[in-house]
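Spelled out, the chains give:
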Amino acid sequence: MLVLIGMATVACGGDSATHAGAAQTTPVATAPAGDVPVPTVVGQLTGGTPAVPMNAMPADLRQRFHYSETEFAIEGTARTFTPVGPLNADGHWTVKATGGAHYRTRLLVRTPADPKKFNGTVFVEWLNVSSGQDLDPEFVFDHEALLAEGAAYVGVSAQALGVVGQGTAAVSVQGISTKPLIEQNPARYAGLTHPGDDYSYDIFSQAAAAIRFPKGPAPLGTLHPKKLIALGESQSAFRMVSYVNAVAPLAKIFDGYMIHSRPASAAQVLTSAPVAIPADTIVRSDTTVPVMIMQAEGDLFGRLHAILARQDDSRTIVTWEMAGTAHGDLSGVNYQVRSIAEWNPTAAIGVNAGAAVSGLCGGPINDGPEDQIVGAGLAAMTAWVADGTRPPVAPRLRVTDDNSAVARDQFGIALGGIRNPAVDVPIATNSGEPRTASSVVCVLLGSSTPFDKARVALLYPTHADYVSKVTESAGAAVRAGFLLPSDRDAAIAAAEHSAVP
């Protein structure tokens, strides 16, 4: 799908019991509170063809929000983690650090160009490698809210597949060659090396340490981070569950975790000596920092079957389930088209990518409200970590009596879950269920079925009636904390300019 050099004196963070309660003053620290080696920031990654980062942010976003984008290489010795005892479904895992191997990987850094706009929060994403290369899907979902808030973002190339590959042939999809960094842009990423995914958990922790306590050029330049929130979506959420359950109690480096579209189980901690992990593994209940779990409607059953790992909210864990959403959607496809134009301008992909994917999947893919809800979740997570304000409790999606599927209304729209105009004032059925299971891509992208004119006219006899209902639904979603005011205004404006009925 530009930096100032300097040593930053930053606030200590990470897995302190005070984060989930009332706001407290965090003491300044000069070293990690937990067991995390601080790597060396080797320097900025530049040059290559093209001379931009892989996964570059679209230029229009950089310009509209006035953000800079840079890359840095960090290197050090990463450890593996050996389980001590079984890895039970309750997530209360115990591990010990073992061994060590050299690595050099990259940090993809996005910061406000004006330091005065920085809000003190850094979102650190475990970059996703399901496609065979690094992708930043969580940034794709929540970039509008993240950039508008003035937060910083760091994407971490934590896994071997994204950095050096795993000896498999490169894949080409719609003209896009999926290659690891060192093959995608050899001149820019020469020298990067990765010892394997057993070391990825420690590499992720060390990336956070490099942000807080840089040895060498500061990845954030003159910005002083106050809070670090880890992000992981899909395959990265799979690994994030294991990170929180096994590594976080030792590392104590993050102030919160946002786990998006997780499957039912969790990733192996040590693949070279695997231990059985139950298919219904939850996030450990004794985490001392906030954990927000966000699930698309399409995640609960099917390929991910996350319903098995549904867990109750607690003092430090909150789950949002989103009606009308799929694991991936049209907004993500459209973003990737714009991003690819920056870092792979020769790729044979253009503005018709959405249509191409829809053709592959037998019809339009999901065009639901996930990016809007995730944006509201990011804002809620920021407040929770900053001052202890808990996100609102969200209704869960309703399921059928036999617990085999999401329950739906007469239009095929999911019942329950977080609502907004896309599902409560619909002009299409957005679903997490695909039209075809012939492709993994289609299974994850769900479907969107526009209503015919007769149904729209029956539901909304006049244009004013439609606009009124959208306005009411959007306002209710904002008051509930599940929609940002900017998205409410956009929804109302779109309704006003629509041809409904």
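## Points about the sheet that holds strand β2 (residues 67-83)
Argument step 1. Strand order in the open sheet made by the 9 strands is β1-β2-β3-β5-β4-β8-β9-β10-β11, with mixed pairing throughout. Sheet topology places β1 (40-44) and β11 (317-322) at the edges, where each strand pairs with a single neighbour. Each strand of the sheet is rotated relative to its neighbour by a mean of 20°, with strand direction disregarded.
Argument step 2. Relative to β11, strand β10 (residues 291-296) runs parallel, the two sharing 6 bridges. Within β11, the residue paired with Ile293 across the bridge is Thr319.
Argument step 3. The sheet contacts of helix α2 (residues 137-149) involve β2, β3 (95-112), β4 (121-126), β5 (152-156), β8 (227-233) and β9 (256-260), and relative to β8 the element is tilted by about 140°.
Argument step 4. The sheet strands contacting helix α6 (residues 200-212) are β1, β2, β3, β4, β5 and β8, and the helix crosses β2 at an angle near 135°.

## A look at the packing of aromatic side chains
Argument step 1. This structure, assessed with the given rule, holds 12 aromatic pairs.
Argument step 2. Relative to Tyr153, the ring of Phe139 has its centre 4.8 Å away and its plane inclined at 55°; by these criteria the two rings are tilted. Taken together, the positions of Phe139 in helix α2 and Tyr153 in strand β5 put the pair 14 residues apart, joining distant regions of the chain. The exposure classification of Phe139 matches that of Tyr153, with both residues buried.
Argument step 3. In this structure an aromatic cluster arises from ring pairing among Trp126, Tyr201, Phe204, Tyr243, Phe254 and Tyr257.
Argument step 4. In this structure, Arg455 is placed above the aromatic ring of Phe451, and the distance from its NZ or CZ to the ring centre is 4.9 Å.

## Topic: the state of the cysteines
Argument step 1. In the structure shown here, the tally under the stated rule is 1 disulfide.
Argument step 2. Here Cys361 connects covalently by a disulfide to Cys442, the sulfurs 2.2 Å from one another. Across the S-S bond linking Cys361 and Cys442, the dihedral sits near -90°, which makes this disulfide left-handed. With Cys361 in the loop between α9 (353-360) and α10 (370-387) and Cys442 in helix α12 (residues 440-445), this pair connects stretches of sequence that are 81 residues apart.

## Here's the deal with the packing of α2 against α10
Argument step 1. Contact geometry of α2 with α10 gives a least axis separation of 8 Å together with a crossing angle of 55°. Viewed along their axes, α2 and α10 adopt a mutual orientation that is oblique. Along this stretch, α2 crosses α10, giving a crossing that reads as right-handed. Of α10, the residues touching α2 (which contributes Glu138, Phe141, Asp142, Ala145, Leu146 and Glu149) are Glu370, Asp371, Val374, Gly375, Leu378, Ala379 and Thr382.
Argument step 2. Here the contact of α2 with α10 is built from residues that sort into 6 nonpolar, 2 polar and 5 charged.

## Describing the pattern of salt bridges
Argument step 1. Following the criterion strictly, the structure yields 22 salt bridges and no others.
Argument step 2. A salt bridge links Arg64 to Glu144, with the shortest nitrogen-to-oxygen separation between them at 2.6 Å. Of this pair, Arg64 sits in helix α1 (residues 59-65) while Glu144 sits in helix α2; the two residues are 80 residues apart in sequence, bridging distant segments of the chain.
Argument step 3. When the shortest N-O distance is used, the salt bridge between Glu69 and Arg110 registers 2.7 Å. With a gap of 41 residues between them, Glu69 in strand β2 and Arg110 in strand β3 connect regions that are remote in the sequence.
Argument step 4. Classification of Glu69 as buried rests on a relative accessible area of 6%.
Argument step 5. For Arg110, a relative accessible area of 0% corresponds to the buried category.
Argument step 6. Look at the salt bridges and you will find they share partners, linking Arg62, Glu69, Arg110, Asp136 and Glu342 into a network.

## Quick word on the environment of Leu223
Argument step 1. On the secondary structure map, Leu223 appears in the loop between α6 and β8.
Argument step 2. By relative accessible area, Leu223 is classed as buried at 6%.

## Remarks on the nonpolar core
Argument step 1. Val122, Phe204, Tyr243, Ile253, Phe254 and Tyr257 are the most contacted members of the largest nonpolar core, which totals 57 residues.
Argument step 2. In terms of residue count, the dominant contributor to this core is helix α7 (residues 235-251) (9 residues).
Argument step 3. Discounting residues that sit within four places of it in the chain, Val122 has contacts with Ala152, Val154, Ile211, Leu220, Pro225, Lys227, Leu228 and Ile229.
Argument step 4. Ranked by size, the runner-up nonpolar core spans 34 residues in total, among them Val140, Ala151, Met292 and Tyr335.

## Examining helix α8 (residues 330-343)
Residues lying three or four places apart along an α-helix face the same way, a consequence of the helix completing one turn every 3.6 residues.
Argument step 1. A rise of 1.5 Å per residue sets the reference length of α8, with its 14 residues, at 20 Å; its end C-alpha atoms lie 20 Å apart and thus fit the reference within 8%.
Argument step 2. Listed in full, the buried residues belonging to α8 are Gly332, Val333, Tyr335, Gln336, Val337, Ser339, Ile340 and Trp343.

## Thoughts on the layout of surface pockets
Argument step 1. In this model, the second largest pocket occupies a volume close to 950 Å³.
Argument step 2. Those elements that place two or more of their residues in the lining of the second largest pocket are α1, α2, α8, α10, α11 (421-424), β12 (428-431), α14 (463-480) and α15 (485-496).
Argument step 3. For the lining of the second largest pocket, the residue count by class is 20 nonpolar, 11 polar and 8 charged.

## Points about α7
Argument step 1. At Val244, α7 shows its maximal kink, close to 50°.
Argument step 2. Taken across its 17 residues, α7 has 14 buried, putting it largely inside the fold.
Argument step 3. Looking one or two places after α7, you find Lys252, whose phi comes out positive at around 50°.

## Thoughts on the pairing of β4
Argument step 1. Within β4, 6 of the 6 residues are buried, leaving the element largely enclosed by the surrounding structure.
Argument step 2. Two elements, β4 and β8, share 5 bridges in a ladder whose sense is parallel. Each residue of the ladder has a partner; that of Phe123, found in β8, is Ile229.
Argument step 3. Sheet topology note: the β4/β5 ladder contains 5 bridges and is parallel. Along β5, the bridge assignment pairs Glu125 with Gly155.

## Some points on the confidence of the model for the protein chain
Argument step 1. Considering every residue of the protein chain, the mean pLDDT works out to 91; 91% of them sit at 70 or more.
Argument step 2. Low confidence marks residues 16-27, where pLDDT is under 50. Its contacts with residues over four positions away, or in another chain, come to 28 contacts.

## Description of the pairing of β11
Regular strands have side chains that alternate between both faces of the sheet.
Argument step 1. Most of β11 sits out of view: 6 of its 6 residues are buried.
Argument step 2. Side-chain alternation along β11 places Ile317, Thr319 and Glu321 on one buried face and Val318, Trp320 and Met322 on a second face that is also buried.

Cut-offs applied
- Residues numbered from 1 in each chain as written.
- Predicted model: local features only at pLDDT ≥ 70, side-chain atom pairs only at ≥ 80, totals over all residues.
- Heavy atoms only, no water.
- Pairing = 2+ DSSP bridges.
- Helix = DSSP H or I, 4+ residues; strand = E, 2+ residues; numbered from the N terminus.
- Axes fitted to C-alpha atoms, helices over the stretch in contact; angles between N-to-C directions.
- Contact = heavy atoms within 4.5 Å.
- Phe/Tyr/Trp six-rings, centres within 6.5 Å; stacked < 30°, edge-to-face > 60°.
- Buried < 20%, exposed > 50% of the residue type's maximum accessible area, 1.4 Å probe, protein only.
- Lys NZ or Arg CZ within 6 Å of the ring centre and 35° of its normal.
- Disulfide = S-S within 2.5 Å.
- Parallel < 35°, antiparallel > 145°, perpendicular 65-115°, else oblique.
- Left-handed = near helix turned anticlockwise from the far one by under 90°.
- Nonpolar A, V, L, I, M, F, W, Y, C, P; charged D, E, K, R; others polar.
- Salt bridge = Lys/Arg side-chain N within 4 Å of Asp/Glu carboxyl O.
- Core = buried A, V, L, I, M, F, W, Y, C linked by side-chain atoms within 4.5 Å.
- Expected span 1.5 Å × (residues − 1).
- 1 Å grid on protein atoms, 1.4 Å probe; cavity = no way out; pocket = protein on both sides within 12 Å on 5 of 7 lines; lining within 4 Å.
- Points joined across faces, edges and corners; volume = space filled by probe spheres on them.
- Bend = angle between axes of the 7 residues up to and from the residue.
- pLDDT = per-residue confidence, 0-100.

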